[in-house]
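These are the residues of each chain, in order.
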Amino acid sequence: MFSKLKGAGGGAAAGHSPLDTNPISQYYEVGKQTACAGPGLIWKIYDAVRKSDRKEASIFLFEKRLAEKLHKPKRKDTVCEVLRGSVRQLERFRHPRILQVLHSVEECNETLAFASEPILASLANILAYHEASGSGAGGAPTTGASHPNTVTRPPSHAKDYSFLDLEIKYGLLQLTEALSYLHYQHHMLHRHVCPASIFVNKRGVWKLGGLEFTERLNEADPTEPVPITPWTSRSSKLCQPDLDYIAPEVQLHSQICMQSDMFSLGMVITAIFNHGRPLMQANNSNTSFQRHLETLDEHVKMVVPDIPLPLREATVRLLNKDPKERPTAQLLTLIKYFTTDTVVTTLQFLDVIQMKDPQQKNAFYRQTLRDSLPYIPRKLWFQHVWPCLEAEMKQSEVLAAVLKPILLMIEHVGIEEYEMYIQESFRTVLTSPKTIQATVCLLENLHIILEKTQKDEARAEVLRVLYNAFESTTIQVQSAALFSVTNVADYIDEQAIRHMILPRTVSVFNQNTADLKITIAVLSCVERILDRLDRPLILDQVLPLLTEVRLSDPEIMYRVVCIYALLLRDKKYGLTVNHMATRVMPVLLPQTVNPQLNLEQFTMLLQVLREMLEQIDRNQRNKLKLDNMSLPSPERRPLRHLFSSDNMHVPPFNIPNLRVEQRKTSSAEDMARKNSTGSYSGILGGWWFGGSSNSPDSNFLRVQNALPIRRLSDNTLMTPKIRVAHSCASSPGGSPGGLPIRRHSSIGPQERRGSSTNLSPPTGGSMPNTSSSTPFLSSSMSSLRSRRPSACLGGSQGSGLLQQLGTGMYQLFSGR
């Protein structure tokens with residue numbers, strides 16, 4: 001992964017690296033230098049990878065020749081011993097806030113080296129560029145250290161690194177926790193709290209290192225100060241703490257206590273908010289230190305406005321010259337600046353997550369981290385949060401819980417960020433065996449992963465999780481797979497839907513017909529892929545499945561109705577009117593009175609039923625119309641009186657003393673009669689009776705010949721007044737008293753209707769004994785039947801009477 005560093009400076013031969021001769025190179029592949037740290041920034045820090053497991057690390061390298069160059073040769077061993085002691089102390093104090101050592105010190109004639117967790121840079125490296133930009137000075141930054149002659153140019157990536165407010169807040173809290181651990185757990189004083197002893201690892205976590213000058217507290221009373229040798233110019237600068245960050249009581253009274261470390265922390269805080277410059281720049285001079293100490297309060301007042309408001313009071317107290325006025329590390333962690341920020345609390349727990357049991361981890365990942373993630377800056381997602389989650393993915397007992405925040409991150413990151421940071425590590429989750437809960441979580445969020453996955457082979461790998469889930473015998477996994485199809489159907493090709501998804505969906509339904517949740521999932525899946533299915537699949541698999549579904553639950557009924565609504569939209573789905581009328585509507589109609597339905601469900605049900613009825617109506621009407629058009633038209637039957645020979649030879653019947661009274665007509669009718677006397681009877685008679693005057697059967701009425709003075713209005717169908725004289729007892733149908741004058745019973749005096757019926761008697765011959773032969777009487781008899789059924793004559797009796805009436809009228813008119 002990394003190439004060996006070639007051509008290192010400092011007098012090394014061309015093509016020769018100081019690390020080549022150190023035994024640590026047998027265990028690590030060493031890359032380029034990334035940072036520097038320690039007293040006078042004497043440690044050079046390189047990127048590295050452990051050969052055994054390819055785990056990232058950082059190599060700290062000290063070249064002994066630097067001590068020989070800067071100091072007297074006899075002091076070289078002293079410097080080496082101080083550096084060795086610092087590594088031993090780091091190995092002793094195992095804490096999340098203290099730099100972690102991965103490989104102990106390896107030494108050769110030229111170098112000292114050890115391996116630690118991956119380091120991005122020291123705080124001194126980052127603040128050095130801040131100092132240069134804040135002061136406006138050109139050239140290389142000074143890194144904020146007091147040893148300009150030992151400065152190693154910091155890496156370029158530190159120049160681009162800037163702290164967020166949240167990073168600073170959380171970093172200061174981490175340093176405070178580290179000091180609290182040393183003070184109260186091990187009764188040790190750090191003595192060298194400064195930017196050169198603080199490291200920012202690749203996750204963005206601040207780690208406290210630089211344990212070269214630790215001192216033990218008073219065993220009897222840890223709060224009491226202990227004597228200490230102050231900083232002096234007579235000793236090697238590499239063997240003493242940084243003078244710019246030393247507490248006043250150390251230099252003035254040769255005493256040190258826990259609050260001395262807190263003063264140094266206060267100086268670090270002001271340096272961070274003062275563009276990397278410390279408030280006291282003694283330049284390795286005790287006299288200069290005392291001079292700056294006198295104006296310390298004024299400098300503090302100048303810097304305080306740049307410090308966040310909740311931290312100002314604590315900072316002022318930390319920089320008090322009286323140690324008793326300074327807060328302890330335990331008290332400082334409780335100020336509102338740290339405790340009121342839930343994001344800081346979340347990150348704090350995440351850093352120590354490896355010390356928690358699986359139950360605590362599950363609760364944290366499922367709820368706390370997932371809720372806090374949207375408020376954590378995106379920069380920290382990949383720098384701080386993702387490395388922790390990436391490590392936890394390998395633990396099967398917490399994988400289901402870890403997937404919650406991971407999937408939330410995938411949902412909100414860009415495609416490039418996903419491919420750069422997450423995709424490669426996440427592939428192991430997709431391909432490795434998982435618990436039921438983890439599989440369900442993946443299936444429910446499979447669409448989120450596919451949205452960020454661009455390559456076809458990667459998508460196929462993701463979809464394989466779905467296909468394998470259908471083979472599971474666990475109900476939870478099957479249900480999650482069905483719901484997953486509704487989300488990822490657009491990513492599945494046609495062949496997979498037709499030959500894999502649909503058959504397995506039907507199989508899952510057949511195995512769990514009584515499970516409501518499975519049934520709802522099946523119906524949702526079918527509804528989602530319906531437009532991707534062809535007609536045979538719908539007829540053979542979908543419609544039978546819908547028929548077998550039990551509509552016991554309103555939600556299930558609603559899903560079924562929604563599917564039918566989709567099937568009704570297009571005839572290509574194959575839902576016929578026969579199937580609707582015989583299989584669908586008989587099942588859905590009883591649900592219209594289901595009291596469990598809500599308004600939306602009832603409205604949808606009624607809408608689908610109406611649409612089905614409309615389709616059945618249109619179909620059947622069109623079919624019946626086509627059937628009627630295909631039948632032959634029936635021939636028009638002739639009137640019966642034209643060809644009937646019934647009662648043709650009945651003897652004539654005379655009605656004695658029969659007289660028809662004529663009514664008066666209007667002058668308009670007289671004019672019409674005079675103008676049409678020549679042609680009226682012929683035309684009317686031919687039209688009415690179906691023949692002409694030359695017809696062999698000449699027994700038709702002749703209006704002109706029989707009644708020359710007849711008016712046009714006499715043709716109106718009105719009931720004539722018939723007077724019948726007294727007849728003898730021997731007359732047919734007569735009575736001793738005779739018949740009174742009467743109107744026909746079928747029409748009242750007020751019911752006179754106009755008619756063109758010809759009342760002229762026949763001119764000769766015999767008349768058929770049919771009701772249609774005499775139009776007036778026929779109409780009268782019809783009216784009698786409709787108005788007074790009891791007065792109608794039935795059978796042959798009625799026919800004979802009409803014949804006799806017709807014969808009598810003929811003889812009467814002919815006699816005139």
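These figures come from a predicted structure and were not determined experimentally.

Overview of unusual backbone geometry
Alright, step 1. Non-glycine residue R54 carries a positive phi angle of around 60 degrees.
Alright, step 2. On the secondary structure map, R54 appears in the loop between β2 (43–50) and β3 (56–63).
Alright, step 3. Taking relative accessible area as the criterion, R54 reaches 44% and is therefore assigned partly exposed.
Alright, step 4. Backbone geometry at S254 places phi at a positive 55 degrees, although glycine is not the residue there.
Alright, step 5. Secondary-structure assignment places S254 in the loop between α6 (248–253) and β12 (255–256).

Description of the pattern of salt bridges
Alright, step 1. By the definition in use, this model includes 28 salt bridges.
Alright, step 2. Between R621 and D617 there is a salt bridge whose closest N-O contact spans 2.7 Å. Highlighted residues: R621 and D617, both in helix α27 (residues 599–630), separated by four residues, approximately one helical turn.
Alright, step 3. When salt bridges with common partners are traced through the structure, they connect K64, E81, R84, R88 and E107 into a single cluster.

Observations concerning the side chain of Q383
Alright, step 1. By the element assignment, Q383 lies in helix α15 (residues 378–392).
Alright, step 2. Judged by relative accessible area, which is 11%, Q383 ranks as buried.
Alright, step 3. The residues contacting Q383, other than those within four sequence positions of it, are L120, Y161, E167, K202, R203 and G204.

Structural notes on the UniProt feature "coiled-coil region" (unreviewed entry) in the protein
Alright, step 1. Per the UniProt record, the feature "coiled-coil region" (unreviewed entry) sits at residues 599–629.
Alright, step 2. With 100% helix and 0% strand, residues 599–629 has its two end C-alpha atoms placed 45 Å apart.

Focus on the sheet that holds strand β6 (residues 119–122)
The strands making up a sheet are joined through hydrogen bonds of the backbone, oriented either antiparallel or parallel.
Alright, step 1. Spatially, β6-β8-β9 is the arrangement adopted by the three strands of the open sheet, whose pairing is antiparallel. A single partner strand is all that each edge strand has here, and the edge strands are β6 and β9 (206–208). Direction aside, neighbouring strands of the sheet carry axes that sit 35 degrees apart on average.
Alright, step 2. Across three bridges, the pairing between strand β8 (residues 198–201) and β9 is antiparallel. From the neighbouring strand, I198 faces β9, where its bridge partner is L208.

What to know about helix α13 (residues 342–351)
Alright, step 1. Among all positions in α13, only V343, V344, T346, L347, L350 and D351 are buried. Projected down its long axis, α13 carries its buried residues within an arc of 160 degrees, all on one side.
Alright, step 2. Tucked into the core, α13 has its buried residues touching α5 (165–185), α12 (336–339), α14 (358–372) and α15.
Alright, step 3. Capping of α13 at its N-terminal end is provided by D341; its side-chain oxygen lies 3.0 Å from the backbone amide nitrogen of V343.

So, the packing of α5 against helix α7 (residues 258–272)
Alright, step 1. At a minimum axis separation of 11 Å, α5 and α7 run at an interaxial angle of 165 degrees. With respect to α7, the axis of α5 lies roughly antiparallel. Pair α5 / α7 crosses with right-handed handedness. Listed contacts from α7 to I168, L172, L175, T176, L179, H183 and Y184 of α5 are M258, D261, M262, L265, I269 and I272.

Let's talk about the confidence of the model for the protein
For residues with low pLDDT, the predicted coordinates do not support detailed interpretation.
Alright, step 1. The predicted model of the protein has a mean per-residue pLDDT of 78, with 70% of residues at 70 or higher.
Alright, step 2. Within the protein, α7 carries the highest mean pLDDT (96), whereas helix α30 (residues 680–689) carries the lowest (41).
Alright, step 3. Within the model, pLDDT remains below 50 along residues 676–704, and this stretch shows 49 contacts once partners closer than five positions in the same chain are excluded.
Alright, step 4. Below pLDDT 50 for its whole length, residues 727–799 participates in 119 contacts with residues either more than four positions away or in separate chains.

Thoughts on the environment of A514
Alright, step 1. In this structure, A514 sits in the loop between α22 (494–511) and α23 (516–529).
Alright, step 2. For the pair A514 and R550, spaced 36 residues apart in the sequence, the C-alpha separation amounts to 8.6 Å.

Notes on the nonpolar core
Alright, step 1. Counting 201 residues, the largest nonpolar core has F426, L466, Y564 and L567 as the members making the most contacts within it.
Alright, step 2. In terms of residue count, the dominant contributor to this core is helix α16 (residues 396–412) (eleven residues).

Details of the sheet that holds β2
Alright, step 1. Pairing in this open sheet of five strands is antiparallel, and the strands run β1-β2-β3-β5-β4 from one edge to the other. With partners counted over all chains shown, the strands left at the sheet margins are β1 (28–37) and β4 (101–107), one partner each. Between one strand axis and the next, the sheet turns through 25 degrees on average, direction left out of account.
Alright, step 2. Across seven bridges, the pairing between β1 and β2 is antiparallel. Bridge pairing links A37 to W43 in β2.
Alright, step 3. Across the sheet, helix α2 (residues 76–92) is in contact with β2, β3, β4 and β5 (111–116); its angle to β4 comes to roughly 155 degrees.

So, the pairing of β5
Alright, step 1. With respect to burial, β5 is a largely interior element, six of its six residues being buried.
Alright, step 2. The side-chain alternation of β5 yields two buried faces, one formed by T111, A113 and A115 and the other by L112, F114 and S116.
Alright, step 3. By the bridge criterion, six bridges tie β3 to β5 in an arrangement that is antiparallel. The residue of β5 that forms the bridge with S58 is S116.

Cut-offs used in this document
Residues numbered from 1 in each chain as written. Predicted model: local features only at pLDDT ≥ 70, side-chain atom pairs only at ≥ 80, totals over all residues. Heavy atoms only, no water. Helix = DSSP H or I, 4+ residues; strand = E, 2+ residues; numbered from the N terminus. Buried < 20%, exposed > 50% of the residue type's maximum accessible area, 1.4 Å probe, protein only. Salt bridge = Lys/Arg side-chain N within 4 Å of Asp/Glu carboxyl O. Contact = heavy atoms within 4.5 Å. UniProt positions renumbered as here; feature names shortened; annotations may be inferred. Pairing = 2+ DSSP bridges. Axes fitted to C-alpha atoms, helices over the stretch in contact; angles between N-to-C directions. Arc of directions from axis to C-beta. Polar contact = N/O pair within 3.5 Å; in protein donor to acceptor, adjacent residues only side chain to side chain. Parallel < 35°, antiparallel > 145°, perpendicular 65-115°, else oblique. Left-handed = near helix turned anticlockwise from the far one by under 90°. pLDDT = per-residue confidence, 0-100. Core = buried A, V, L, I, M, F, W, Y, C linked by side-chain atoms within 4.5 Å.

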